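Structural features, examined
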Amino acid sequence: MKAASTMARKDAAERGTIGRPMLRRRLQRLLASSVRARPRPAAAQALELCRSTLGEEELLAAFEVLLDGHLTMGPQTATFEDEWSAWLPAGFSLMVNSGSSANLLMLSTLTFPGQPNGLKPGDEVILPAVGWSTSLFPIAQTGCVPVLVDVDLATLNLSPEKVEEAITDKTRAILAIHLLGNPCDIPALRAIADRHGLYLLEDCCEAHGASIGGRKVGTFGALSSFSFYYSHHMTSIEGGMVCGQDRSGWRDALVSQRAHGWIRGRSDQHQWTGQYPDIDPRWLFVSTGYNVRPTELNAAIGRVQLTKLDHFVEQRMAIRRRLLERLRPYESWLALQRERPGHSHSAFGLSLIVRPDAPFSRRLLQAFLESRGIETRPIVGGNLARQPVMRHVPHRVADLLSNADLVHHNGLMIGNHADLTDAQEDHLITCIAEFMEAHALRAA
Ligand SMILES: Cc1ncc(COP(=O)(O)O)c(C=O)c1O
């Protein structure tokens, strides 16, 4: 009898008829025991650079996709794009498999030869020297020249004065990176871009929910990019979004760039098929392109995370506010990143820059924090001009990059995440206080 029912279950599972409820129950049991019990680091107050925010709902959503069988880009992705567009808000959003791919598509679309008023090989794109590798590489990979400009030491963002000085008759675009969640001085950059007829692009990969005068970053540039890598404000594990306000201008070109250069998903498909009736419309290629599509798993996870994003951002911002207040006594030796008035920082991470006249080095502070279980890392990619790969990447350095150098040599970053505990906050402050007092005594 037992054997017969086991056989029947096996049979049914193979046919996919009774498998789902049983699998779901099993998964729920598994999740109940594992997600809630996700281990924290050995010492309760130790502080990791990042921590997964995936909960039961995200895993169940991913599981439903696996059961559903529609695995690669499809309805989950399209719905996530609409929900993201409503949240930002954006005229359109396209999901891709990473923030790096979002940056690549911005540049490959702008430089595609068929793009009206596009960029040509040799045109210059200005970006901050302190940024991320894959903010810069797509500029060079699409034949343009990255021009590295110094950052402002208070905001760690592009200095508008330095941008203006760096402009030549080859300059076509400014790529603003909202570093660590701090909005760039967009009004100043917008004015420069308009004065010189340049595209303004935004890399918001670290700045979900950051805003200027209540308007979110990612809504100011011609195109903007976001990352959903798991250390960011919300995650789809890997994933990204490229957004724009003007649906007619860019969306179709980005759709083709995202998937093979073909016409699927474009609004002007009929025009193309009418023009090329001899080519199978499913394999009609009208653009260069890549395959940087997301999977439905990423989109389903992203959709659940988006419902929590505002809360995650608020948590991060509250933690940062408290930490900045408690670090204020050490500001004569540690430069902290500050936002401009009316700008709302979404607190990706906490940067500390050891001032040149401090009686200790960054290396010493870093070693001390690490020895106390506080993970550290450089501030994003440091001064990108100092990275060895730049020997192989044609670029221009517009000025001395002295602030970027200070960030590179004296800066470190500590992780922030939505569920940082009071014990972790206290531990961080206690460690810094202990370190400072030791050095103040020695300095005196
Ligand atoms: C400023 C910036 N741009 C782009 C990226 C690339 O995003 P992803 O890791 O999703 O490729 C990152 C990654 O953290 C980043 O910090």
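Residues numbered from 1 in each chain as written. Predicted model: local features only at pLDDT ≥ 70, side-chain atom pairs only at ≥ 80, totals over all residues. Heavy atoms only, no water.

Core analysis: the biggest nonpolar cluster contains 45 residues, and L179, L180, L254 and I379 have the highest contact counts within it. Residue assignment for this core shows that the elements contributing at least two residues are β1 (92-96), α5 (99-111), β2 (124-128), α6 (133-141), β4 (171-177), β5 (199-203), α9 (247-258) and α13 (402-410). Among the elements that line this core, the one with the most residues is α5, at 5 residues. Once residues within four sequence positions are removed from consideration, L180 is found in contact with L156, E206, Q337, H345, A347, F348, G349, S351, I379, V380 and M413. Of all hydrophobic cores here, the second largest spans 28 residues; its members include L350, L369, L412 and A433. (Core = buried A, V, L, I, M, F, W, Y, C linked by side-chain atoms within 4.5 Å. Buried < 20%, exposed > 50% of the residue type's maximum accessible area, 1.4 Å probe, protein only. Helix = DSSP H or I, 4+ residues; strand = E, 2+ residues; numbered from the N terminus. Contact = heavy atoms within 4.5 Å.)

Here the bond from L88 into P89 is cis, since omega is -5 degrees, no more than 30 degrees from zero. Counting through the fold element by element, P89 comes out in the loop between α4 (75-87) and β1. Phi is positive for H260, which is not a glycine, with a value near 70 degrees.

The buried fraction of strand β15 (residues 411-415) is high, at 5 of 5 residues. With burial as the criterion, each face of β15 is covered, one bearing G411, M413 and G415 and the other bearing L412 and I414. With 5 bridges connecting them, strand β12 (residues 349-354) and β15 associate as antiparallel partners. By the bridge assignment for β15, G349 is matched with G415. Looking at chain direction, strand β13 (residues 376-377) and β15 are connected through 2 bridges and run antiparallel. Looking at the pairing, R377 lines up with M413 of β15. (Pairing = 2+ DSSP bridges.)

So, about the site of the ligand. Around the ligand, a shell composed of 15 residues is seen, among which G99, S100, D203, E206 and S227 lie nearest. Measuring from an oxygen atom of the ligand, one finds a side-chain N or O atom of S227 at 2.7 Å. Take H232: an N or O atom from its side chain is 3.1 Å from an oxygen atom of the ligand. Alone, the ligand offers 390 Å² of accessible surface; in the complex the protein occludes 90% of this. Elements supplying a minimum of two residues to the shell around the ligand: α5 and α6. Considering only residue class, the shell around the ligand consists of 4 nonpolar, 9 polar and 2 charged. (Near = heavy atom within 4 Å. Polar contact = N/O pair within 3.5 Å; in protein donor to acceptor, adjacent residues only side chain to side chain. Areas by Shrake-Rupley, 256 points an atom, 1.4 Å probe, with all protein chains shown as cover. Nonpolar A, V, L, I, M, F, W, Y, C, P; charged D, E, K, R; others polar.)

For the rest of this paragraph, the subject is the domain arrangement of the chain. Taken domain by domain, the chain consists of domain 1 (1-34) and domain 2 (43-444). One C-alpha centre belongs to domain 1, the other to domain 2, and the line joining them spans 43 Å. Facing 7 residues of domain 1, the contacting portion of domain 2 comprises 7 residues. When the two sides are added together, the surface that domain 1 and domain 2 hide from each other amounts to roughly 740 Å², 71% of it contributed by carbon and sulfur. Summed over the shared surface of domain 1 and domain 2, the result is 0 salt bridges. (Domains from an automatic or database assignment. Buried area = accessible area lost by both parts, 1.4 Å probe. Salt bridge = Lys/Arg side-chain N within 4 Å of Asp/Glu carboxyl O.)

Now for the sheet that holds strand β6 (residues 211-212). With respect to topology, 3 strands assemble into an open sheet ordered β7-β6-β11, the strand pairing being antiparallel. At either end of the open sheet lies a strand with only one pairing partner, and these are β7 (215-216) and β11 (343-344). Pairing of β6 with β7 involves 2 bridges; the strand directions are antiparallel. The residue bridging I212 from the neighbouring strand is R215, located in β7.

Right, let's get into the pattern of salt bridges. One pass over the full model with this rule turns up 21 salt bridges. D185 serves as the salt-bridge partner of R340, at 3.5 Å between the closest nitrogen and oxygen. Remark: D185 occurs in the loop between β4 and α8 (186-196) and R340 occurs in the loop between β10 (334-336) and β11; sequence separation between them is 155 residues. Accessibility expressed as a relative area gives 35% for R340, which makes it partly exposed. In this structure, the salt-bridge partner of R338 is E331, at a minimum N-O distance of 3.0 Å. Taken together, the salt bridges that share partners define one network made up of E48, R51 and D419.

With that out of the way, let us pick up the packing of α4 against helix α11 (residues 296-327). For the pair α4 and α11, the least separation of the axes is 8 Å and the interaxial angle reads 25 degrees. One element, α4, and the other, α11, form an angle in the roughly parallel class. The way α4 lies across α11 gives a crossing that is left-handed. In contact with P75, Q76, T77, T79, F80, E83, W84 and W87 of α4, α11 contributes E296, A299, A300, G302, R303, L306, L309 and D310. Of the residues contributing to the contact of α4 with α11, the split by class is 8 nonpolar, 4 polar and 4 charged. (Axes fitted to C-alpha atoms, helices over the stretch in contact; angles between N-to-C directions. Parallel < 35°, antiparallel > 145°, perpendicular 65-115°, else oblique. Left-handed = near helix turned anticlockwise from the far one by under 90°.)

On to helix α12 (residues 362-371). The set of residues buried in α12 consists of R362, L365, F368 and L369. Along the long axis of α12, the arc covered by the buried residues comes to 130 degrees, so they all point the same way. Of the residues in α12, the exposed ones pointing more than 90 degrees away from the buried face are R363 and S371. G373 occupies a position one or two residues after α12 and carries a positive phi of about 80 degrees. (Arc of directions from axis to C-beta.)

With that settled, consider the sheet that holds β1. Here we have 8 strands laid out as an open sheet, ordered β1-β9-β8-β5-β4-β2-β3-β14, and mixed in their pairing. Here the strands that pair on one side only, and so sit at the sheet edges, are β1 and β14 (396-397). Where β2 lies against β4, 3 bridges are found, and the strand directions are parallel. Looking at β4, one finds that E124 is bridged to T171. Strand contacts of α8: β4 and β5, with the helix running at about 150 degrees to β5, the strand carrying the most contacts.

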